[in-house]
Amino acid sequence: MTVTESRPLRVAILGSTGSIGRSTLEVVRRHPTRFKTVALAVHRSRAELAAQVREFGPRRVVVVDERVGIGGDPSSARWEVGSDAMLSLAADPDVDVVVNALVGAVGLEPTLAALNAGKRLALANKESLVVAGPLVLEAAARGGGELVPIDSEHSAILQCLVRSDRTDVARLVLTASGGPFRGWNSAALAGVRPSDALRHPTWEMGAKITVDSATLANKALEVIEAHFLFGVPYSAIDVVVHPQSIIHSFVEFVDGSVLGQMGFPTMELPILYALSHPARVGDERLRNFDPVRAAPLTFEAVDRDLFPLFELGIAAGRRGGTTPAAFNAANEVAVGAFLDERLSFPGIPAVVRTALDEHKSGPARSVADVLEADRAARVAARRAVESVGPEVRG
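Please read all numbers here as calculations on a predicted model, not as lab measurements.

A. Structural context of the pairing of strand β2 (residues 35-42). Counting buried positions along β2 yields seven of eight residues, so the element is predominantly enclosed. Handedness of the β-α-β unit built from strand β1 (residues 9-14), helix α1 (residues 19-30) and β2 comes out right-handed. The sheet contact formed by β2 and strand β3 (residues 60-63) spans four bridges and is parallel. Paired with L40 across the bridge in β3 is V61. Handedness of the β2-helix α2 (residues 46-56)-β3 crossover: right-handed.

Dropping the structure here:
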């Protein structure tokens, strides 16, 4: 599927009121002859969604939370409610590209629905691949869907691999900003508040992913995602801290050549590439790179002792089965408790570790297997939030 002049690609955005959803709409706004928004879905942000509907005129609109009223909108859009409606939207035959910008494991079933229906899936919901990577790849193969990442790191790798044989790849190197607490010590981290963790040095993102970037859990999730996206073993995926967030990832090839993709931090560029891949669409706003302004570029090793969720997440990925789903679920619960100020920052990895210790890993043969692991890990994590000792409670 490529962008053509004859007809704009018809785009559905799941999670249109989140940061990725809003950035996708900004890209569509600048390229009305290339892309047309035909469907929008949100969990419950009814007011902002209504404003988007008035501007972009989608054909279908879904609010997942059935408690949210959908009446009273004067547009011609077909308004629907419930998770089944969102799955139907993801498989809609009048949609070319589904942008999955949902947060958390809730994004899995729409991912499978889109791929089973043969859609191009522009994936920002990394949890889909984390919790059920094999099931996602099976759905893509079965339905003929196309999986294109939106994460800046994975978009960078994809761009470096254009016209390259995957057997030529020796190693992937994902970059990490290091988050707001790079260079801190454990004593300082004990007093961190949510407002501190939400001050990311280079990216503007939603609350959950911003905290994940502060704990480096997000980078562990990205390693798992890269493993499935590019078919590279965990032993050939590395992470390096790059505070400037200018180089988004490297690919090292078997002959020693190394390619990297560069650019100032913006999610609009990987979104545009995910929509147009393998073609490129000109965008004057994004052509702003200045090497002098980007300098200097520095790199550091990940502090694995200070950020234990990084190792815990990668270990969960290596173990496979339902363990990645348990890691993701426990982390979602712990991050929620931290944002609610019921758990300290060091308490996040403590809760996740406790939940993983209780997890009985099994094969992830079905969505039901994944959802049960998710449910059990959330129960264990909620119990751990209430039982952590005073040394890790804020």
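Now that the structure is up, let's keep going.
B. Spotlight on the side chain of D283. Among the secondary structure elements, D283 is positioned in the loop between α11 (268-276) and α12 (291-294). Since its relative accessible area comes to 8%, D283 is described here as buried.

C. Here's a closer look at the nonpolar core. By size, the foremost hydrophobic cluster in this structure holds 128 residues, and its most contacted members are F35, I150, L172, F230, F327, F345 and I348. At ten residues, the largest contribution of residues to this core is made by helix α14 (residues 323-339). Leave out the neighbours within four places in its chain, and F345 touches F181, L189, V192, A197, A214, T215 and F338.

D. Geometry of helix α9 (residues 207-215). Of all nine residues in α9, seven are buried; the element is thus mostly enclosed. All of the buried residues in α9 are K208, T210, V211, D212, S213, A214 and T215.

E. Up close: the packing of helix α15 (residues 347-358) against helix α16 (residues 367-387). Viewed as axis vectors pointing N to C, α15 and α16 meet at an angle of 135°, and their least axial separation amounts to 8 Å. In terms of orientation, α15 and α16 fall into the oblique class. Crossing geometry of α15 relative to α16 is assigned as right-handed. Residues V351, T354, A355 and E358 of α15 form the contact with α16, whose participating residues are A377, A380, A381, R383, A384 and V385.

F. Layout of the sheet that holds strand β4 (residues 78-81). One open sheet accounts for seven strands, arranged β4-β3-β2-β1-β5-β6-β7; its pairing is parallel. This sheet does not close on itself; its edge strands, each paired only once, are β4 and β7 (146-149). Taken pair by pair, the neighbouring strands of this sheet meet at an average axis angle of 20°, ignoring direction. With four bridges connecting them, β3 and β4 associate as parallel partners. Each residue of the ladder has a partner; that of V61, found in β4, is W79. Against the sheet, α2 contacts β2, β3 and β4, and its axis sits at roughly 160° relative to β2.

G. Seen up close, the packing of aromatic side chains. Within this structure, the stated rule accounts for five aromatic pairs. Ring pairing ties together the aromatic residues F181, W184, F338 and F345, which thus form one cluster. Here R293 stacks its cationic end above the ring of F264, 4.1 Å away from the centre of that ring.

H. View of the environment of F253. Mapping F253 onto the fold places it in strand β10 (residues 247-253). A residue is classified by how much of its surface remains accessible, and F253, at 9% relative accessible area, is buried. Along the sequence, F253 and L172 sit 81 residues apart, while their C-alpha atoms lie 8.8 Å from each other. Sequence-distant contacts of F253, that is, excluding residues within four places in its chain, are made with C160, L161, S164, D168, V169, A170 and L259.

I. The sheet that holds strand β8 (residues 169-176), seen in detail. A sheet is described by the order of its strands in space; here four strands give the open sequence β9-β8-β10-β11, paired in mixed fashion. One side of each edge strand has no neighbouring strand; the edge strands of this open sheet are β9 (237-241) and β11 (258-262). The sheet shows a mean angle of 20° between the axes of neighbouring strands, taken without regard to direction. Lying over the sheet, helix α6 (residues 152-160) contacts β8, β10 and β11, oriented at roughly 40° with respect to β10.

J. Fine view of the packing of α1 against α11. Contact pair α1 / α11: the axes reach a minimum separation of 9 Å and the direction vectors enclose 65°. Regarding the angle of α1 to α11, the classification is roughly perpendicular. Two packed elements cross with a definite hand, and for α1 against α11 that hand is right-handed. Residue-level inspection shows I20, S23, T24, E26, V27 and R30 of α1 in contact with α11, the latter providing E268, I271, L272 and L275. Here the contact of α1 with α11 is built from residues that sort into five nonpolar, two polar and three charged.

K. Quick look at unusual backbone geometry. Geometrically, the link from H277 to P278 is a cis peptide bond, its omega value of 5° lying close to zero. Cis geometry marks the peptide bond from A295 to P296; its omega dihedral reads -5°. A positive phi angle, near 70°, is found at L216, a position not held by glycine. A relative accessible area of 4% places L216 in the buried class. Even without a glycine there, the phi angle at S245 is positive, about 55°. Along the chain, S245 turns up in the loop between β9 and β10.

Thresholds, definitions, all that
Residues numbered from 1 in each chain as written. Predicted model: local features only at pLDDT ≥ 70, side-chain atom pairs only at ≥ 80, totals over all residues. Heavy atoms only, no water. Buried < 20%, exposed > 50% of the residue type's maximum accessible area, 1.4 Å probe, protein only. Helix = DSSP H or I, 4+ residues; strand = E, 2+ residues; numbered from the N terminus. Right-handed = clockwise from strand over helix to strand, strands pointing away. Pairing = 2+ DSSP bridges. Core = buried A, V, L, I, M, F, W, Y, C linked by side-chain atoms within 4.5 Å. Contact = heavy atoms within 4.5 Å. Axes fitted to C-alpha atoms, helices over the stretch in contact; angles between N-to-C directions. Parallel < 35°, antiparallel > 145°, perpendicular 65-115°, else oblique. Left-handed = near helix turned anticlockwise from the far one by under 90°. Phe/Tyr/Trp six-rings, centres within 6.5 Å; stacked < 30°, edge-to-face > 60°. Lys NZ or Arg CZ within 6 Å of the ring centre and 35° of its normal. Nonpolar A, V, L, I, M, F, W, Y, C, P; charged D, E, K, R; others polar.

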